[in-house]
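An overview of the molecular structure
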Amino acid sequence: MYSVARSGQDGYHHRTEANKKIYRIANGSDESSAKTEQDLTQKSITPLGGFPHYGEVKEDFVIIKGSCVGVKKRVLTLRKSLRVHTKRSALEKVEVKFIDTSSKFGHGRFQTKNEKNAFMGTLKKDIASA
């Protein structure tokens with residue numbers, strides 16, 4: 001039977017993405033999860049201060065090309081495409097050169113906490129907490 005689409009849960013259990021290029025699958029708690037061939041800095045995937053409205057990445061994560069539907073922390077199903085890809089853009093091997101882990105709040109300049117501490121020096125709040 002045919003019916004008109006009605007407002008509801010907006011596909012809460014039916015969010016499936018196909019044809020997404022996967023750049024990286026790694027563990028979020030790993031200290032070198034944002035390390036690449038060109039950027040050998042030991043840093044975690046979580047930016048300084050965490051991701052806005054999400055926090056710290058502690059579990060496994062996937063970096064994909066483009067965007068994905070839904071809100072943060074929503075379950076998303078990635079499935080293999082049924083068609084065989086023949087386009088050059090789909091077949092080319094992608095190498096991630098750099099992952100930005102600067103703060104996403106304001107104007108982030110530092111990639112790691114050690115880099116920030118080396119530039120800023122000893123702060124009054126560091127002395128008070130010690």
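One structure accompanies this document, and this report is about it. (Residues numbered from 1 in each chain as written. Predicted model: local features only at pLDDT ≥ 70, side-chain atom pairs only at ≥ 80, totals over all residues. Heavy atoms only, no water.)

Examining the packing of aromatic side chains
- According to the stated counting rule, one finds 1 aromatic pair in the structure shown.
- Between Phe-110 and Phe-119, the aromatic rings sit 5.5 Å apart at their centres with planes inclined by 45°, giving tilted as the arrangement.
- We classify Phe-110 as buried; its relative accessible area is 12%. (Phe/Tyr/Trp six-rings, centres within 6.5 Å; stacked < 30°, edge-to-face > 60°. Buried < 20%, exposed > 50% of the residue type's maximum accessible area, 1.4 Å probe, protein only.)

Details of the pattern of salt bridges
- The tally for this structure, following the rule as stated, stands at 2 salt bridges.
- We note a salt bridge from Lys-43 to Asp-39, for which the minimum N-O separation is 2.9 Å.
- The exposure class of Asp-39 is buried, given its relative accessible area of 12%.
- Its salt-bridge partner being Lys-104, residue Asp-100 comes within 3.0 Å of it at the nearest N-O pair.
- For Lys-104, a relative accessible area of 34% translates into the label partly exposed. (Salt bridge = Lys/Arg side-chain N within 4 Å of Asp/Glu carboxyl O.)

These figures capture arrangement, not role.
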